[in-house]
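Below are the chains, spelled out letter by letter.
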Amino acid sequence: MSSVSTHEKAAAFTSRNTDLADMAAIQEFIDEALVLEVLNVIKSGKEATVYRCRAHPSLGAKWVAVKVYHSINFQDPAVYDAGRQIANGQVRRAVNAHTEFGREAQAAIWTGYEYETLCALHEAGADVPEPFASTDTAILMEYVGNGAGAAPQLHFAELEVEEAREAWKRILWNIELWLKHNLVHADLSDYNILWWGGRPKVIDLPQAVDPRFNPHARKLLERDVRNVAGYFRRYGAEPDVDGIVRELWEAWTYGDS
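Being a predicted model, the structure only gives us computed values, none of them experimental.

Trainee: Explanation requested: the environment of Val241 in the structure shown.
Mentor: Mapping Val241 onto the fold places it in helix α8 (residues 241-254). As a C-alpha pair, Val241 and Arg223 span 18 residues in sequence and 9.4 Å in three-dimensional space. Leaving out residues up to four positions away in the same chain, Val241 has contacts with Glu222, Val225, Arg226, Ala229 and Arg233.

Structure representation (structure tokens):
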């Protein structure tokens, strides 16, 4: 883990030029009395930057995370978009034509979809960050971590063998719960599962698919399980991925779950 203190990270953050669009997105939450100030960057990438912010007391938390989208650049977005409908014809045509307006509209659609998915899963009791609010370009959600730093990705977490066994069971429980609510993560791996307080917190859900309408859902489910199973092999686990996926899919298909 990094030895850089939170105060040093915050100082580095405030000393450099920050993305004006990101700050404008966060300002909306400040104007709504949800956020008091931006503290530091948690994670930065091409698609989004996540910031730790000081929460307004009304949220009942000391800190919150704001995920600001820049763009959505999945390798094959059609796989995830299959079965999703854009009701507005003008927006649909712009998205299909990949115009600048279309790209902005697509990003807003994916942002809204992730927020709605987080709301549904959190309400169902899944291990996901609690969502608080969203705009066309950002999501305000629970910050997972403490003042010393954000929760590590599972990939970088050091678990005891028994702890790893329980973590694997808990993640499978989450996958089954998502299916019960007609959702497949579709991009699950040990890089988008945070580990904190002995429990997983699953993040990054804009690409989640509805197995009732997406014809690729079963393959995406299998990939999710296989990806996570690969991580737990370092602890000596040898999961029967094919068998697990078959049982999960049959339980969802026939309503036995």
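Trainee: It is not clear to me how a negative patch on the surface should be interpreted in this structure. Could you clarify?
Mentor: On the surface, a cluster of negative charge is contributed by Glu28, Asp31, Glu32 and Asp136. Its location among the elements puts Glu28 in helix α2 (residues 20-31).

Trainee: Got a minute to help me understand the packing of helix α7 (residues 217-232) against α8 in this structure?
Mentor: Pairs of packed helices are described in terms of their axes, by the angle between the two and the distance that separates them. Between α7 and α8, the shortest axis-to-axis distance is 10 Å and the interhelical angle comes to 135°. The orientation of α7 relative to α8 falls into the category oblique. By crossing handedness, the relation of α7 to α8 is classed as right-handed. In this structure, α7 uses Ala217, Arg218, Leu221, Glu222, Val225, Arg226 and Ala229 to contact α8, whose residues at the interface are Val241, Asp242, Ile244, Val245, Arg246, Leu248 and Trp249. Taken together, the residues of the contact of α7 with α8 sort by class into nine nonpolar, no polar and five charged.

Trainee: Honestly, the sheet that holds strand β2 (residues 48-55) in this entry has me stumped. Any pointers?
Mentor: In any sheet, the strands associate via hydrogen bonds between backbone groups, in a parallel or an antiparallel arrangement. The antiparallel open sheet is built from five strands, whose spatial order is β1-β2-β3-β5-β4. In the strand order of this sheet, the two ends are held by β1 (35-44) and β4 (131-134), each with one partner. Each neighbouring strand pair of the sheet contributes to a mean axis angle of 25°, computed without reference to strand direction. Where strand β3 (residues 63-69) meets strand β5 (residues 138-142), five bridges bridge the pair, whose relative direction is antiparallel.

Trainee: Sorry, what's going on with the side chain of Asp127 here?
Mentor: On the secondary structure map, Asp127 appears in the loop between α5 (100-124) and β4. A polar atom in the side chain of Asp127 sits 2.8 Å from the side chain of Asn174. Here the side chain of Asp127 touches Arg199 through a polar contact of 3.4 Å, side chain to side chain. Excluding its chain neighbours within four sequence positions, the residues that come into contact with Asp127 are Arg170, Trp173, Asn174, Arg199, Pro200, Lys201 and Val202.

Rules of the game
- Sequence order sets the numbering: in each chain, residues are counted from 1 along the sequence as written.
- Local features in a predicted model are, by the rule used here, given only for residues with pLDDT of at least 70; side-chain atom pairs are given and counted only at 80 or more, and totals for whole chains, interfaces and linings are based on all residues.
- Calculation of side-chain values draws on the structure's entire complement of heavy atoms; hydrogens and water are dropped beforehand.
- Put simply, DSSP marks the helices as runs of H or I at least four residues long and the strands as runs of E at least two long, and each gets a number from the N terminus on.
- We call two residues contacting when some pair of their heavy atoms lies within 4.5 Å.
- Patches draw on residues past 30% relative accessible area with no salt bridge. Two like charges within 9 Å are joined, as are two nonpolar side chains (Val, Leu, Ile, Met, Phe, Trp, Tyr) within 5 Å.
- Methods summary: accessible areas were calculated by the Shrake-Rupley approach with a probe of 1.4 Å, and residue burial reflects only the protein chains presented.
- Salt bridge, as used here, is a side-chain nitrogen of Lys or Arg placed within 4 Å of a carboxyl oxygen of Asp or Glu.
- When charges are counted, Lys and Arg are positive and Asp and Glu negative, with His and the chain ends excluded.
- Lysine's charge is taken at NZ, arginine's at CZ, aspartate's at CG and glutamate's at CD.
- Only C-alpha atoms enter the line fits that serve as axes; for helices the fit covers just the stretch in contact. Angles between N-to-C directions range over 0 to 180 degrees.
- With respect to orientation, any angle under 35 degrees is reported as roughly parallel, any angle over 145 as roughly antiparallel, any angle of 65 to 115 as roughly perpendicular, and every other angle as oblique.
- Whether a crossing is left-handed or right-handed is set by the direction in which the near helix is turned from the far one by less than a right angle, anticlockwise for left-handed and clockwise for right-handed.
- Amino acids outside the nonpolar list (Ala, Val, Leu, Ile, Met, Phe, Trp, Tyr, Cys, Pro) and the charged list (Asp, Glu, Lys, Arg) are all regarded as polar, and Gly is one of them.
- In short, DSSP must find at least two bridges between two strands for them to pair.
- Identification of polar contacts relies on pairs of N or O atoms within 3.5 Å, with a donor-acceptor requirement for protein atoms, meaning one able to donate a hydrogen and the other able to accept it, and with residues adjacent in sequence counted only if both atoms are side-chain atoms.

Note that every value here comes from positions in space, so none of it alone points to a role or purpose.
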